[in-house]
Every structure is written in C-alpha cells, then in structure tokens.
Amino acid sequence: MPHRTIRARRLILASASVMSLALLATACGGSGGGTSAAPKDFEYLSVTENTTTRTALTSLSTTTCKAENKALPLKVETIPQAQLDQKLQLLAGQNALPSMFAAGNAPALTKQLAKGGKVADVEMELERLGVLDQLEPAAVSTIKALYGGKLMALPYEYNIEGFFYNKKLFQENGIAVPGTWDELIVAADKLNAKGIQPFSASGAQGWPLTRLISGYLYRSLGPDALDKVDAGTAKLTDPNYVKAAEEVANLGKKGYFGKGVGSIDYDTAMNQFLTGKSGMFYMGSWALANIADPKQNKVGAENVGFMPFPAVKGGAGSNDQYPSNIGLAVTLGSQNLNTETGAWVSCIAKNFGSTALKDHGTITGFKVNTPVKDANEVAGTVRKTISSSKQNVLWFEALFSTKATTISNTNAPGLVNGSVSPKQFMETVQSALGSQ
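Remember, predicted model here, so these are calculated numbers, not experimental data.

Rules used in this analysis
Residues numbered from 1 in each chain as written. Predicted model: local features only at pLDDT ≥ 70, side-chain atom pairs only at ≥ 80, totals over all residues. Heavy atoms only, no water. Core = buried A, V, L, I, M, F, W, Y, C linked by side-chain atoms within 4.5 Å. Buried < 20%, exposed > 50% of the residue type's maximum accessible area, 1.4 Å probe, protein only. Helix = DSSP H or I, 4+ residues; strand = E, 2+ residues; numbered from the N terminus. Contact = heavy atoms within 4.5 Å. Disulfide = S-S within 2.5 Å. Pairing = 2+ DSSP bridges. Axes fitted to C-alpha atoms, helices over the stretch in contact; angles between N-to-C directions. Salt bridge = Lys/Arg side-chain N within 4 Å of Asp/Glu carboxyl O. 1 Å grid on protein atoms, 1.4 Å probe; cavity = no way out; pocket = protein on both sides within 12 Å on 5 of 7 lines; lining within 4 Å. Points joined across faces, edges and corners; volume = space filled by probe spheres on them. Nonpolar A, V, L, I, M, F, W, Y, C, P; charged D, E, K, R; others polar.

Asker: What is the right way to read the nonpolar core from this model?
Answerer: In globular proteins that are soluble, nonpolar side chains generally tend to be buried together. Counting residues in hydrophobic clusters, the biggest one holds 122 residues, and the most contacted among them are Met100, Phe164, Leu236 and Met280. Among the elements that make up this core, the one with the highest residue count is helix H16 (residues 339–360) (eight residues). Counting residues in each nonpolar core, the second largest holds 14 residues, with Leu84, Ala92, Leu113 and Leu328 among its members.

Asker: Sorry, what's going on with the side chain of Gln272 here?
Answerer: Of note, Gln272 is situated in helix H14 (residues 266–274). A residue is classified by how much of its surface remains accessible, and Gln272, at 15% relative accessible area, is buried. Beyond its immediate chain neighbours, meaning those up to four positions away, Gln272 contacts Gln197, Ser200, Ile264, Lys277 and Ser278.

Asker: In this structure, what is going on with the state of the cysteines? I would like to understand it.
Answerer: Under the defined criterion, the tally for this structure stands at one disulfide. Put simply, Cys65 and Cys347 are joined by a disulfide, and their sulfur atoms are 2.0 Å apart. One quick way to see it: the torsion about the S-S bond of Cys65 and Cys347 is about -100 degrees, and its sign makes the bridge left-handed. Linking Cys65 in the loop between helix H3 (52–62) and helix H4 (66–71) with Cys347 in helix H16, this pair joins segments that are 282 residues apart in sequence.

Asker: Looking at this structure, how should I read the sheet that holds strand S9 (residues 330–332)?
Answerer: Sheet strands associate in pairs through backbone hydrogen bonding, adopting either a parallel or an antiparallel arrangement. Sheet architecture is open: four strands sit in the order S2-S1-S3-S9, paired in mixed fashion. Two strands in the sheet have a free side with no partner beyond their single neighbour: strand S2 (74–79) and S9. Adjacent strand axes in the sheet meet at a mean angle of 20 degrees, parallel and antiparallel pairs treated alike. Alignment of strand S1 (residues 42–47) against strand S3 (residues 100–102), held across two bridges, turns out to be parallel. Across the sheet, Tyr44 pairs through a bridge with Met100, a residue of S3. Contacts between helix H5 (residues 84–93) and the sheet are confined to S1, S2 and S3, with S1 contributing the most and set at about 150 degrees to the helix.

Asker: What exactly am I supposed to notice about the side chain of Ser285 here?
Answerer: Looking at where Ser285 falls in the secondary structure, it is placed in the loop between strand S6 (278–284) and helix H15 (288–291). Discounting chain neighbours no more than four positions away, the residues touching Ser285 are Tyr158, Asn159, Ile160, Phe164 and Val382.

Asker: Help me understand the pattern of salt bridges in this model?
Answerer: For side chains bearing opposite charge, pairing can occur when the charged atoms are close. Counted under the stated rule, the structure contains ten salt bridges. In this structure, the salt-bridge partner of Lys87 is Glu77, at a minimum N-O distance of 3.7 Å. In this pair, Lys87 sits in helix H5 while Glu77 sits in strand S2, placing the two residues ten residues apart along the sequence. The exposure class of Lys87 is partly exposed, given its relative accessible area of 22%. Overall, the relative accessible area of 39% leaves Glu77 in the partly exposed class. The partner of Glu247 in a salt bridge is Lys243, and the shortest N-O contact between them spans 2.8 Å. Here Lys243 and Glu247 lie together in helix H13 (residues 239–253), a separation of four residues that amounts to about one turn.

Asker: Just checking my understanding: could you explain empty space enclosed by the protein for this structure?
Answerer: Take a probe with the size of a water molecule and roll it over the atoms, and the empty space left behind shows itself. Counted under the stated rule, the structure contains three cavities of 30 Å³ or more. Approximately 50 Å³ is the volume attributed to the largest cavity. What lines the largest cavity is simply Phe163, Phe199, Ser200, Ala201, Pro208, Leu212, Phe257, Phe281, Tyr282 and Met283. Sorting the residues of the lining of the largest cavity by element identifies strand S5 (197–200), helix H11 (207–221) and S6 as the ones contributing at least two each. Counting residues per element, the lining of the largest cavity draws most heavily on S6, at three residues. Taken together, the residues that form the lining of the largest cavity break down as nine nonpolar, one polar and no charged.

So, in structure tokens, the structure goes:
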C-alpha cells in the first residue's frame, strides 16, 4: 500500500497514546496556558514519512514566499508518525506547540487540543487573512465532517474516491460508463463474459472492499447514512444497511473480484488494473501517481477514465457526493499567531496548490491559481471533479473505533468469498462499535 494510502487510513486510527488525553487535558488547563514570546521561526512539525508537503513548503520558501521566509524563516522538524501523538501531548503540556504541525493520528486528539486552547480557529484565521476562499469547498466539507463541523486543519492533501475504468476495454465490449448500480452490474457481466476480471480489489487490506459497502450506503440511504450509525440512531444490522453488504457480497459470489481476492495486496490489485487484467478499480485519487507512471501503467494513461460511485435506483444519495480524505491533517498552533505567521499562512493558501501540482503531481484542497498542465486527461477530470463538488462524504470506517476498523477490514475478505454472510459481517462490526 503506498504511503499516501496508509496516511489516509491512519487518519481515523487512534494510536495508543491518545489514551492519555485525560492527562493532556490537565496539562492544557483548558485556558491556553498563558503567553509566549513571538516566534523566531515559522516552525512546522511534520511526520518523517510525509516528504511531499515539507518539500513543497521548502520550495515556496525560496520562491513565491521568499519575502515571508525572510521575515520568519521556515524551520521544519520531523518525527516518525508512530511518535507524533505523544510528541504533541508533550509540547502542548509545555505550551510549546509550533506554528504549524501534523495534527495527530486521530481527530480526537486535535479536538482535545482545541478544547485546551492550543489549536487555532483555522476558519476564523483564514477569513481574517482574506484567504478562506483559497480552499476548495469540497475540502472544507471533508475537514468539517471529520472535526465535528469545525475547520481545524489545512488541506495539504486531498483525495476523492471513485471507479477508475479501462476505456479501451469498455469501448471494445460496447460498455457505456455506468450511471447506476444496475448498469455497473451489467458492465461487470459483459466483462466477465469475455473472460475479463471486472474488478480489482485488495482483500488483504480489506478497506478497498468495505469502501464499496459505504458507497452503496451513501447512494441508497443518503450522505448521513454512517453519521446515523455513529449517533446511534441507526445500526449496521438494520435491513437497509445489510442490503449494502449483500450487494458487495454478490459481486464476490459471481467471482467478479477474481480468484484469491483475500490474499491480494494493494500493489497487486493496482498492477492487475494497470496491466489490463481488470476493467474497473475502485480507489482514491492518490492512484493518479501510479496511472501517470508509464513503468507501471501498461494500458496507457489515455485509456484510463474516472467515474463516481453509481446511483442506486430510488436512493437518497447523489452521484456528485464523493468519499474523500485529507491524508494526515496539518493544523495551526494558536499561541504563535502574529503578523509574520499570518503572512506565511496567506502565502501558502494562495500558492501551495499550484506548487504541489506542478512539482509533485499532487492534488490538494487548495485552489490552483497558477495554470498547471495536467499530467493526463484523467488527472484533469479528477481536478475538475474536486472543484465542482460541493458536498463530500467519508468512508466506511471513518467514524469507527480502532477495534471496529480492524474487525471490519479483517472480515471483508470473508464477505466476498462467502465464508461470512452479509448479516454476520454487519453484526460483527456493529458489535465492535457497541463495545468502543
């Protein structure tokens, strides 16, 4: 699984250090902890594994944001992601959080820091600086969904999910781009009849399968389907929720994920699609980097299309609601906000999107203000989709506990190979949710 995918998944995994939040709350005192001297640097605490964000920021410090960097030099510190939560708690207790920092492995920690007065009101700060409009509305929607309706982070990464499909295989077999779930099944039937595996998916990771369940739930029950489960007003064991698991299980029953899907890892699933062995691949837009790499993509980027999860007939959801994530979030420390840090944040908001896209081919939640040529047509399609999307949803395990997430992912292969019934799958996950 590529690093970006790992970060997207870890976003909702509470690490063991989060168990000491009560201690953190005591250290924070709930008041912001007093004053501090004006910062001498624009400090950014990053995780070691994330090279793209800090590289792009360093590039800005020597180009577009050179004046801001002269006034307040960029200083990057890195720490392994596994140690991040503990480091943030330590710095918070010492009133020493930097100007900008990776926001922890779970939204719960950032929320707790905010309660202690340690995290800036990002929305208010961006509005004060006049750059709130530099964030894509879809990215704002995603961040607020993760953080209880508040804009607590900056979208240095932004990924949406949908089906990548092989345009050549579709054309050769007379398949139109499916707009509904029923049409998707017809497309899969046609591919299978020609000896082509309809879908690639990693059962070893599990989440590529469970994302199909949440996709069906969002289209059939609406964008608040999993919010209701989180709030306790609905259960995964309700018949209309089990229905989603049944639909995905039926794909496996027909053999549409190929043989041995439970042992297929992420890279193998990606390879199946990029070598033309499967017709469709449900994945996030981080896959654009693989698609743009001719060493990996043997079907050619020009033969890859992107479509949303299809509509469910009579469903309450809409095709323009895309599951999305912001990778490992980055937020602002409250006690270091001043004119110089504000100038840095303003410059980042106006220029990071263009720099990241031009230098790294990375799509962010910032607007691209300097024209950048897309690597290929499908990358342009994804960018336009992000810009036009007004409401986004999360993924199956986004609001789950660590325990429920693990159980969901480990039982997903059984759902599609028939060893676990749809009802059993949903009962097992719901039980884990009830014990968190």
